[in-house]
Amino acid sequence: MSFASAEHLIEHLFRHEAGRLHALLLRWLGVAHFAAAEDLVQDTLVEALTAWRLHGVPDNPTGWLYRVAQRKTLDWLRREQRRGRIGQALRAAEQRVAEAAPHYLPEELTDSQLRMLFVCCHPALSPAAQVALCLKTLGGLSVAEIAAAFLTSPDTITKRLFRAKETLRTAGVSLEVPTGAELTRRLAAVLHALYLLFSEGYDSEQPAAPIRQELCAEALRLGLLLTRQPRTDGPDTHALLALFCLQAARLPARTDAHGHLVLLEQQDRRRWSQPLIARGLRHLARAADAPAASAYHLQAGIALEHCRAPAYAATDWRAIRRLYDHLLALHPSPVVALHRAVAVARADGTARGLQAMAQAQALTGSYLYHAVLGDLHQLNGDPAAARHHLTEALHRTTGAARQQLLWRKLEGVGFP
């Protein structure tokens, strides 16, 4: 295997296996050793990169990683014991690791990840720290990628993650799925973290990669873990999974053969994944038992309206606007208001849509705010205002794919 191929495979395995291994090591060592487990996983991946460059990738790379992580964990425990830093809890951990199966068990990895989701979303952590920890440990995102998703600096995320691990270390957090009211609170945080993970994949803040399908797939996979536990297999979980499926169904048509972004109006709907749409409908049916519609139910409903329209011109914009009305009442935010303004313009006229943009003014520093205003002014017959806002949008984004799309829009309004 070439150096480049080994590097690519390691990156792929980091995304898909590092979180699983970290969760398993936490189950062996306990949450107090969160950082140590993370370091052991990193050491395992470094050893894999070195060994696979020399000898090639093994037939079962996941099993190879598991065995090396198991050996490194035992070595670490024995070093701690020699240094006199191993207490009763770690002696028990050493026995658990020594007696663990010599090959990985998918069921054990799955259960460990489910538990780790709830550790990352412990109420001792701030909501921002919960999401950052989920993205780092289970989503496989780098500090730089998380910083881009939060629109902040890598240094801020590094400090946030360090404080989160210290809090977990000192708080005596157990690696268990909570019950009762605590489960309700923690599940809401878990679902929100997965929602942000999917969103980063669907519309990434990374300049070089506006769409990252592997993150969408990871969010869907982690969401499905929740359906394997009766206590978390509820309507909100299925509503979120329905949203993921219905949005992901459109991914194949969101870029063309050259990697350029394709607007919804211009997408080839024959490329939409019908199996994913059908799967989304099944999750939406499972979500119907909810006593009241959540934000995920409403967003899934909006995605469904787009998916079942045979053409853009046949979209039921009035139904979408009504869903956004409910969503804005339930979850008032400038982002929801921005998307609602587009639906208002399509359903009730462009002038109404421009008026609705007043509720999104908190986003005036965002490229998306100006891109939407540019589109609405063009629809309203004001090319000068459209050019102004599209140019503003162009200045406020660094992504090549987004910039290329904005240039196409500017050419459409007669950019001088």
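Note: the structure precedes this text.
No experiment lies behind these values; they were computed from the predicted model shown. (Residues numbered from 1 in each chain as written. Predicted model: local features only at pLDDT ≥ 70, side-chain atom pairs only at ≥ 80, totals over all residues. Heavy atoms only, no water.)

(A) Quick look at the environment of Phe34. With respect to the helices, strands and loops of the structure, Phe34 is situated in helix H2 (residues 34–55). A relative accessible area of 0% means that Phe34 is categorised as buried. Counting along the chain gives 134 residues from Phe34 to Leu168, while the straight-line C-alpha distance between them is 7.7 Å. Not counting chain neighbours up to four residues away, the residues in contact with Phe34 comprise His22, Leu26, Met116, Val119, Leu133, Thr137, Lys165 and Leu168. (Helix = DSSP H or I, 4+ residues; strand = E, 2+ residues; numbered from the N terminus. Buried < 20%, exposed > 50% of the residue type's maximum accessible area, 1.4 Å probe, protein only. Contact = heavy atoms within 4.5 Å.)

(B) A look at the packing of aromatic side chains. The tally for this structure, following the rule as stated, stands at six aromatic pairs. Judged by centre distance (5.9 Å) and plane angle (45°), the rings of Tyr195 and Tyr296 are tilted. Remark: Tyr296 occurs in helix H13 (residues 295–308) and Tyr195 occurs in helix H9 (residues 180–202); sequence separation between them is 101 residues. The exposure class assigned to Tyr296 is buried, which follows from its relative accessible area of 13%. An aromatic cluster of three or more residues is present, and its members are Phe198, Tyr202 and Phe244. Between Arg250 and the ring centre of Trp272, over which it is positioned, the NZ or CZ distance is 5.9 Å. Cation over ring: Arg254 sits above Tyr202, and NZ or CZ is 4.1 Å from the ring centre. (Phe/Tyr/Trp six-rings, centres within 6.5 Å; stacked < 30°, edge-to-face > 60°. Lys NZ or Arg CZ within 6 Å of the ring centre and 35° of its normal.)

(C) Quick peek at the packing of helix H11 (residues 235–248) against helix H12 (residues 274–286). Put simply, H11 and H12 touch, their axes get as near as 8 Å, and they point 160° apart. In terms of axis orientation, H11 runs roughly antiparallel to H12. The handedness of the crossing between H11 and H12 is left-handed. Facing H11, whose interface residues are Pro235, His238, Leu241, Ala242, Cys245, Leu246 and Ala248, H12 presents Leu276, Ile277, Arg279, Gly280, His283, Leu284 and Arg286. For the contact of H11 with H12, the residue count by class is nine nonpolar, three polar and two charged. (Axes fitted to C-alpha atoms, helices over the stretch in contact; angles between N-to-C directions. Parallel < 35°, antiparallel > 145°, perpendicular 65-115°, else oblique. Left-handed = near helix turned anticlockwise from the far one by under 90°. Nonpolar A, V, L, I, M, F, W, Y, C, P; charged D, E, K, R; others polar.)

(D) Looking closely at the pattern of salt bridges. With the rule as written, the count across this model stands at 20 salt bridges. Across the salt bridge formed by Arg221 and Glu218, the nearest N and O atoms sit 2.7 Å from each other. A residue pair is termed a helical-turn pair when its members lie 3 or 4 positions apart in one helix, as Arg221 and Glu218 do in helix H10 (residues 213–226) at three residues. Several salt bridges converge on common partners, so that one network encompasses Arg318, Arg321, Asp325, Arg340 and Asp348. (Salt bridge = Lys/Arg side-chain N within 4 Å of Asp/Glu carboxyl O.)

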